[in-house]
Amino acid sequence: MKLTDIFEETYTALSANKSRSGLTILGIVIGISSVIVMVAIGQGSQASITSQIESMGSNLIAVTPGVAMSSNSRVSSGWGSAQSLDNDDLERLKAELVGVKGVAGELSGRYQVIANGNNTNTSVVGTEPAYAIVKNLGLASGDFISEQNLRNASRVAVLGPTVVEDLFGEGADPVGETVKINGLKFKIIGVSESKGGLMNQDDAIFIPLTTIQRSLVGRNRLSTIDIAAESTAVMSSVEEQTKAILLDEHDIANPDEADFQVMNQAEIVEAVSNITATLTLLLAAIAGISLVVGGIGIMNMMLTTVTERTREIGLRKALGAKRIDINRQFLFEAIVLTLLGGIIGITLGSLISFTISYFDLIQTKISVLSVVLAFGISAAIGIVFGYYPARRASALNPIEALRYE
Amino acid sequence: MIEVKNIKKTYTNGGIPSEVLKGLSFRIDDGEFVAIMGPSGSGKSTIMHILGCLDSPTEGRYFLDGNDVSDLSDDELAEIRRKKIGFVFQSFNLLPRCSALRNVSLPLVYSETNKEERMAQAEQCLEDVGFLKEHFHNLSNQLSGGQMQRVAIARSLVNNPSIILADEPTGNLDSATGKIVMNTFRRLNTEEKRTIVVITHEAEVAKYSDRTIYIKDGLITEEPIKGK
Ligand SMILES: Nc1ncnc2c1ncn2[C@@H]1O[C@H](COP(=O)(O)OP(=O)(O)O)[C@@H](O)[C@H]1O
Ligand SMILES: [Mg+2]
């Protein structure tokens, strides 16, 4: 039997019962499109989280206070409980580290902020001029904290765009105005550029490190020391140096007992990637269930078709069709159904993913791999779920099939 | 040439074997027009299925054109059916919702003939059996019984078989249409020299043949069956 003839038979058979074929295809469409959408959502979040982390600055190392527990499980406790980092650590790192672009100490806390008659609770980050370099933070207007601000422990503040929006309304430029943080008046000297989303850099106020230590917290502690290495190549060297310097400064001989932790950006990205990859897989698996249901729909339809067309199969055999001719014809029908469903499903899934991104609900990313995979899966479903009905058809005895009522 | 030697066929239904053919031997030469007659249930269809290579005998030998085909596999039998045998069934067995032309050309799909040639041959066969051109594209379910049987005969001719087997071809037709169908067979035999085997239980129909083989209870009987 020629391929063109198989196509023609398939077309005739499928169009003879359009609504049934349509519904069966719909099952596959739902399955495939949900797989596409779910994977797109998973990979989209992975990509956007990763890029957000990377946008915070490249080759970043963060030192945070921590309590040593055992050799391989360390518990990080935030500012307030663990206070193992202070200005001395910061000064030594600044003086001794080789291969760094910048080192910035950071002490942050949440405070009540009032300006323009509005009131918000936000994260106040006390830091140094180098912070802008280390964290890759640009300014939308005004200036960042200067060395002079730092020396004088000036009451100046750089506002994140979200804070500006909350206090002054969208698009306002509050440079020159004042803001009250925890009851103290600060002069607004700048507004930082929007970085988007997750890490909350937009919803923060930056003030000089000295100011937060003296006026708000009252202690020379640090919640983080941010270090930017010059290049990826020196990352591990910088990390090692940092650990050594801090161990020495803290008089700790055994590195396993360190009262701080050093994390590099690659590790953070990897940790987050692992989580999102698992999430993607989970989403795909859930969507996969609907694909299996769609496949069972195919099998159901094909079995019904084979039963309904028993006489026709008997006739074809009587007229000289071999097993393989019958087998191919029915297998082809199943594959065409699933491939049609696959194509429509991929289109629909892409459209949905695109729409989700377009309306900024969730970042989505359609990978070629997931499309190819979905296509392959739909063909495979056709073969797997069409195999049994086709075999059943081809094995029919022509005499009995012709007698079938 | 058809030659069967001591053909037996036993069906087992629910563990109980029943012998439907109890040892048939006969020979049909090329170009003969033979009727097989017998009462209902005598095993006529069963022997036709064996002659048409749709089924194999339980015992005995069947030689088709000198070759033993008694023990061939499903697919080998399919090949023989495709090349040598044309079937006409009592209940027409046309593909539903397909045109007369498509029905007639169906056997050629399995010999991988290309579409134009298929259509040309199908048209030729339909004209041969006196099927009107204006109905070529009518769907099978829009045809009358007589028209359907002509389509079925045309289909049995399309692969140019040497043997045409017809199982009660007039059984579902009125007597006038039945006559037309039998005359068609007659003509195919005399003009085209095809071997024709028609199964019937009507003496009226058997009269069109050159020779009649009588079957009763799975055995060949000499004397014509009375009545009916
Ligand atoms: N596949 C089968 N299984 C069991 N019994 C069968 C089968 N086919 C035919 N028979 C039996 O064989 C006998 C002969 O059937 P058949 O050849 O169709 O007779 P006829 O065509 O002469 O009326 C009947 O009794 C029928 O019930
Ligand atoms: Mg019969």
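Procedures and definitions
Residues numbered from 1 in each chain as written. Chains lettered and ligands numbered in written order. Predicted model: local features only at pLDDT ≥ 70, side-chain atom pairs only at ≥ 80, totals over all residues. Heavy atoms only, no water. Contact = heavy atoms within 4.5 Å. Buried area = accessible area lost by both parts, 1.4 Å probe. Salt bridge = Lys/Arg side-chain N within 4 Å of Asp/Glu carboxyl O. Helix = DSSP H or I, 4+ residues; strand = E, 2+ residues; numbered from the N terminus. Nonpolar A, V, L, I, M, F, W, Y, C, P; charged D, E, K, R; others polar. Patch = residues over 30% accessible without salt bridge, like charges linked within 9 Å, V, L, I, M, F, W, Y side chains within 5 Å. Areas by Shrake-Rupley, 256 points an atom, 1.4 Å probe, with all protein chains shown as cover. Buried < 20%, exposed > 50% of the residue type's maximum accessible area, 1.4 Å probe, protein only. 1 Å grid on protein atoms, 1.4 Å probe; cavity = no way out; pocket = protein on both sides within 12 Å on 5 of 7 lines; lining within 4 Å. Points joined across faces, edges and corners; volume = space filled by probe spheres on them. Expected span 1.5 Å × (residues − 1). Arc of directions from axis to C-beta. Near = heavy atom within 4 Å. Polar contact = N/O pair within 3.5 Å; in protein donor to acceptor, adjacent residues only side chain to side chain.

Caption draft 1: The interface of chain A and chain B, seen in detail. Counting from both sides, the interface comprises 23 residues of chain A and, opposite them, 27 residues of chain B. Regarding the contact of chain A and chain B, the summed buried area is about 2,500 Å², with carbon and sulfur atoms giving 53% of it. Where chain A packs against chain B, one counts five salt bridges. For the salt bridge of Arg323(A) with Asp74(B), the shortest nitrogen-to-oxygen distance reads 3.6 Å. Of all the secondary-structure elements, those providing two or more residues to the side of chain A that touches chain B are helix H1 (3-16), helix H10 (310-318), helix H11 (323-358) and helix H13 (398-403) of chain A. Considering every element that reaches the side of chain A that touches chain B, the biggest residue donor is H10(A), with six residues. Looking at the side of chain A that touches chain B residue by residue, the classes come out as nine nonpolar, three polar and eleven charged.

Caption draft 2: A look at a nonpolar patch on the surface. All names here are of chain A. Together, Phe354, Tyr358, Phe359, Leu361 and Ile362 give the surface a local cluster of nonpolar side chains, amounting to about 620 Å² of exposed area. Tracing the backbone through its elements, the reader meets Leu361 in the loop between H11 and helix H12 (368-394). Leu361 sits in the exposed class, given a relative accessible area of 63%.

Caption draft 3: Representation of empty space enclosed by the protein within the structure. Evaluation of the coordinates by the stated rule reveals three cavities of 30 Å³ or more. Size it by volume and the largest cavity reaches roughly 80 Å³. For the largest cavity, the full set of lining residues is Asp5(A), Glu8(A), Glu9(A), Leu95(B), Arg102(B), Ser105(B), Leu106(B), Val109(B), Arg118(B) and Met119(B). With four residues, the top contributor of residues to the lining of the largest cavity is helix H3 (residues 100-109) of chain B.

Caption draft 4: Region of interest: helix H4 (residues 115-128) of chain B. For H4(B), with 14 residues, the first-to-last C-alpha span of 20 Å sits near the 20 Å given by 1.5 Å per residue. Those residues of H4(B) not exposed but buried are Arg118(B), Ala122(B), Cys125(B) and Leu126(B). In a view along the axis of H4(B), the buried residues occupy a sector of 100°, so they form one face of it. On its buried face, H4(B) sits against H1 of chain A together with H3 and helix H5 (145-157) of chain B. With its phi angle positive at about 75°, Gly130(B) sits one or two positions after the end of H4(B).

Caption draft 5: The site of ligand 1, seen in detail. Around ligand 1, a shell composed of Arg403(A), Tyr11(B), Asn13(B), Val20(B), Pro39(B), Ser40(B), Gly41(B), Ser42(B), Gly43(B), Lys44(B), Ser45(B) and Thr46(B) is seen. One chain alone does not account for the residues near ligand 1; they come from chains A and B. Within the contact set of ligand 1, a nitrogen atom lies 2.8 Å away from a side-chain nitrogen or oxygen of Arg403(A). Contact distances for ligand 1 include 3.3 Å between an oxygen atom and a backbone N or O atom of Ser42(B). Protein chains bury 72% of the 560 Å² of accessible surface belonging to ligand 1 in isolation. Every element with two or more residues in the shell around ligand 1 is listed here: strand E1 (2-13) and helix H1 (44-51) of chain B. It is H1(B) that provides the largest number of residues to the shell around ligand 1, a total of three residues.

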